[in-house]
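Tertiary structure, described
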Amino acid sequence: DDDDGDDDDDDDDADEPNPVCDICGNGRQIGNPDAFVRISVGQVTCEKLQESSERGEIPSDLCDSIPSQINSACGCNPPCSVCGFGVQVRNLDKNIEVDGESTTCGQLQADGFAGSLKSDKCESLSRLLSSECGCGGIGDDDDDDANPPKPPVPSPTQSPITSTDDDDDDDGDDDDDGDDDD
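Residues numbered from 1 in each chain as written. Predicted model: local features only at pLDDT ≥ 70, side-chain atom pairs only at ≥ 80, totals over all residues. Heavy atoms only, no water.

1. Considerations on the confidence of the model for the protein
Mean pLDDT over the protein stands at 75; residues scoring 70 or higher make up 67%. Confidence over residues 140-154 falls short of pLDDT 50; this stretch has six contacts with residues more than four positions distant or in other chains. (pLDDT = per-residue confidence, 0-100. Contact = heavy atoms within 4.5 Å.)

2. Digging into the environment of Val37
Mapped onto the elements, Val37 comes out in strand S1 (residues 36-39). Residues contacting Val37, with those up to four places away along its chain left out, are Gly42, Gln43, Val44, Cys46, Leu49, Ile70, Ala73 and Cys74. (Helix = DSSP H or I, 4+ residues; strand = E, 2+ residues; numbered from the N terminus.)

3. Re unusual backbone geometry
Positioned with a positive phi, Asp99 is a non-glycine residue whose angle comes to about 55°. For Asp99, the location among the structural elements is in the loop between strand S4 (95-98) and strand S5 (101-104). Its relative accessible area of 62% is what places Asp99 among the exposed residues. (Buried < 20%, exposed > 50% of the residue type's maximum accessible area, 1.4 Å probe, protein only.)

4. A short note on the state of the cysteines
Across all of its chains, the model carries six disulfides by this definition. Paired by a disulfide, Cys24 and Cys76 hold their sulfur atoms 2.0 Å apart. On the sign convention where negative means left-handed, the S-S torsion of about -55° between Cys24 and Cys76 marks this disulfide as left-handed. In this pair, Cys24 is assigned in the loop between helix H1 (11-14) and S1 and Cys76 in the loop between helix H4 (66-70) and strand S3 (87-88), connecting sequence segments 52 residues apart. Owing to a relative accessible area of 1%, Cys76 belongs among the buried residues under this scheme. (Disulfide = S-S within 2.5 Å.)

5. Examining the nonpolar core
With 15 residues, the main nonpolar core has Ile23, Ile30, Leu49, Ile58, Ile66, Ile70 and Cys74 as its most contacted residues. Elements that contribute at least two residues to this core include exactly S1, helix H2 (46-54), helix H3 (60-63) and H4. Residue contacts for Ile70: discarding those within four places in its chain leaves Ile23, Val37, Ile39, Leu49 and Cys76. Grouped together as the second largest cluster of nonpolar side chains are 14 residues, Cys80, Val82, Ile96 and Leu125 included. (Core = buried A, V, L, I, M, F, W, Y, C linked by side-chain atoms within 4.5 Å.)

6. Quick look at helix H5 (residues 105-114)
Here H5 has its buried residues at Cys105, Gly106, Leu108, Gln109 and Gly112. One side of H5 carries all its buried residues, which in axial view fall inside an arc of 160°. Buried positions along H5 lie against S3, S4, S5 and helix H6 (119-129). (Arc of directions from axis to C-beta.)

7. Looking at the pairing of S1
Here S1 shows a buried face lined by Val37 and Ile39 and an unburied face lined by Phe36 and Arg38. In terms of strand pairing, S1 meets strand S2 (residues 42-45) through four bridges, oriented antiparallel. Paired with Ile39 across the two strands is Gly42, which belongs to S2. With antiparallel pairing between neighbouring strands as the criterion, S1 and S2 make up a hairpin whose turn holds two residues. (Pairing = 2+ DSSP bridges.)

8. Focus: the pattern of salt bridges
Evaluation of the coordinates by the stated rule reveals four salt bridges. Between Lys94 and Glu132 there is a salt bridge, with its nearest N and O atoms 3.8 Å apart. Placement of the pair is Lys94 in the loop between S3 and S4 and Glu132 in the loop between H6 and strand S6 (136-137), with a sequence separation of 38 residues. Judged by its relative accessible area of 35%, Lys94 falls in the partly exposed class. Across the pair Lys121 and Asp99 runs a salt bridge, and its minimum N-O distance is 2.0 Å. (Salt bridge = Lys/Arg side-chain N within 4 Å of Asp/Glu carboxyl O.)

What follows is the structure in structure tokens.
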């Protein structure tokens, strides 16, 4: 023990772990465990960061800033469909540009389902991507080349020929033309 008056024995401090850190915020869990994020202590996978947080290894003052740093990369947003509720991308390999970056419709859908997109971004993409990415209902055929969408069936129209009663068939055959041939 030195004479500076400080307790240099850090064993007492080690017994007090930090509280569990909610790294995503609002009780959400990570959706992309293998993604790498850079926080003030270095680069780490989202899964390792989650594990460290659950063991109380993240200081409280650092914990408060983590959700805003890792939210998108770790997939902390609620899952969403970039095509809208109950609708999925059918042109997965279609290259598109979103916010000046090139990506595919399939990657955007994967990012949405993994929680990597904020809710407002997902909503704006659903309006933008509907035709570009071939958004279709769940259970629709996924291969548009092999199964192109069927054209709409026209509504029935009134026939210009009026039918006559079958009772008027006086010649004994199945038609009403007056001759005996079928």
